[in-house]
Amino acid sequence: MAKAPAVGFVHGLFSTTIPWDHTQQSPRWRASLLLLVLLALSAPGWGQTQPLTLSYFAPDGYAGQAYYATLNANGGTPGYTYSISAGSLPSGLTLTALSGLISGTPAAAGISSFTAKVQDSAGRTQSVNLTVKVFPVLTSISPFFIEAGTTQTLVVGGFGFVPGMQILWMDSSVASTSVSSTQLTAPIGADYTATAGIKTIDVIGPDGLRTVPGHNTIVSYVIVIPVITDLTPTSVLRHSAVPL
């Protein structure tokens, strides 16, 4: 009698081979089919929905510069909707509900904390708490050259300036006035300009965020130049060499 062909069944981490009789009237055929169904239904993970998870990529941003972040859901039942369930995004950024993309141009420096949520098509939800820092950016400093020992009004231009932000002269805070979100001013007294040299300029917000090297459109410094106040002798003979 010819040997009946076999049917293989593979699922997950195990496999089995079941003798198969193609004669549909055979009780053995029906038993083989029933065994296959029972194995499939009892296999680990069969018919189970994977847990809904929410991952993210949310880097720090810089005021006045394009920003992108992403929320990414996996598992659950596809058909995801993203939202902000608590807190708020930094000013100037928006969340696209169907894709999870956060984009825009941050308008103000500061620290924003918020809760991002995703819901799948079966109503399951998952959330994650996020914090995004937006740093201020410098674009201009005037005047660039300052005579030593003089008093000047320093005007700093940039993006993301907020009330309470201060100009830093050589890492020392100077009483500053917030003119707008793009301009700060500060009086620089003669004690600041007493010595000639290169003087670094930064801005810092009330939350401690300050300008970051490499994200300024100009070098953040001014130059204090020496002033000659006395020259002796005051006159010399023509073609003569006189030590000064």
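Preceding this section is the structure that the text describes.
Note that the structure is a prediction, hence the values are computed from the model and not measured.

Quick notes on the rules
Residues numbered from 1 in each chain as written. Predicted model: local features only at pLDDT ≥ 70, side-chain atom pairs only at ≥ 80, totals over all residues. Heavy atoms only, no water. 1 Å grid on protein atoms, 1.4 Å probe; cavity = no way out; pocket = protein on both sides within 12 Å on 5 of 7 lines; lining within 4 Å. Points joined across faces, edges and corners; volume = space filled by probe spheres on them. Nonpolar A, V, L, I, M, F, W, Y, C, P; charged D, E, K, R; others polar. Helix = DSSP H or I, 4+ residues; strand = E, 2+ residues; numbered from the N terminus. Buried < 20%, exposed > 50% of the residue type's maximum accessible area, 1.4 Å probe, protein only. Contact = heavy atoms within 4.5 Å. Core = buried A, V, L, I, M, F, W, Y, C linked by side-chain atoms within 4.5 Å.

Draft legend 1. Quick look at empty space enclosed by the protein. For the structure shown, the criterion picks out one cavity of 30 Å³ or more. Grouping the constituent residues of the lining of the largest cavity by class yields nine nonpolar, no polar and no charged.

Draft legend 2. Summary view of unusual backbone geometry. Omega for the peptide link from Ser 142 to Pro 143 comes to -5°, which places this bond in the cis form. As for its position among the elements, Pro 143 is in the loop between β11 (137-142) and β12 (145-147). Of note in this structure, Met 170 is not a glycine but carries a positive phi near 55°. Mapping Met 170 onto the fold places it in the loop between β14 (166-169) and β15 (172-174). In this structure, Asp 171 is a non-glycine residue whose phi angle is positive, near 70°. Mapped onto the secondary structure, Asp 171 falls in the loop between β14 and β15. For Asp 171, a relative accessible area of 53% gives the class exposed.

Draft legend 3. Structural context of the environment of Thr 177. Tracing the chain through its elements places Thr 177 in strand β16 (residues 177-180). Relative accessible area serves as the criterion here: at 48%, Thr 177 is assigned to the partly exposed category. Here the alpha-carbon distance between Thr 177 and Val 155, two residues 22 residues apart in the chain, equals 9.7 Å. Every residue in contact with Thr 177, bar those within four places of it in the chain, is listed here: Gln 183, Leu 184 and Thr 185.

Draft legend 4. Examining the environment of Gly 189 more closely. Looking at where Gly 189 falls in the secondary structure, it is placed in the loop between β17 (183-188) and β18 (197-204). On the basis of relative accessible area, Gly 189 is assigned to the buried category, the value being 18%. The spatial distance from the C-alpha of Gly 189 to the C-alpha of Gln 152 is 6.6 Å, given a sequence separation of 37 residues. Those residues in contact with Gly 189 that lie beyond four places of it in its chain are Thr 150 and Thr 151.

Draft legend 5. Just the nonpolar core, in detail. Within the largest apolar cluster, 20 residues are counted, with the highest numbers of intra-cluster contacts made by Leu 154, Val 156, Ile 167, Trp 169, Ile 201 and Val 203. Elements with a minimum of two residues in this core: β11, β13 (152-159), β14, β17, β18 and β19 (221-225). Excluding its chain neighbours within four sequence positions, the residues that come into contact with Ile 201 are Leu 138, Ile 141, Leu 154, Val 156, Ile 167, Leu 168, Trp 169, Ser 220, Tyr 221 and Val 222. Ala 69, Phe 114, Ala 116 and Val 132 belong to the second largest nonpolar core, which has 17 residues in total.

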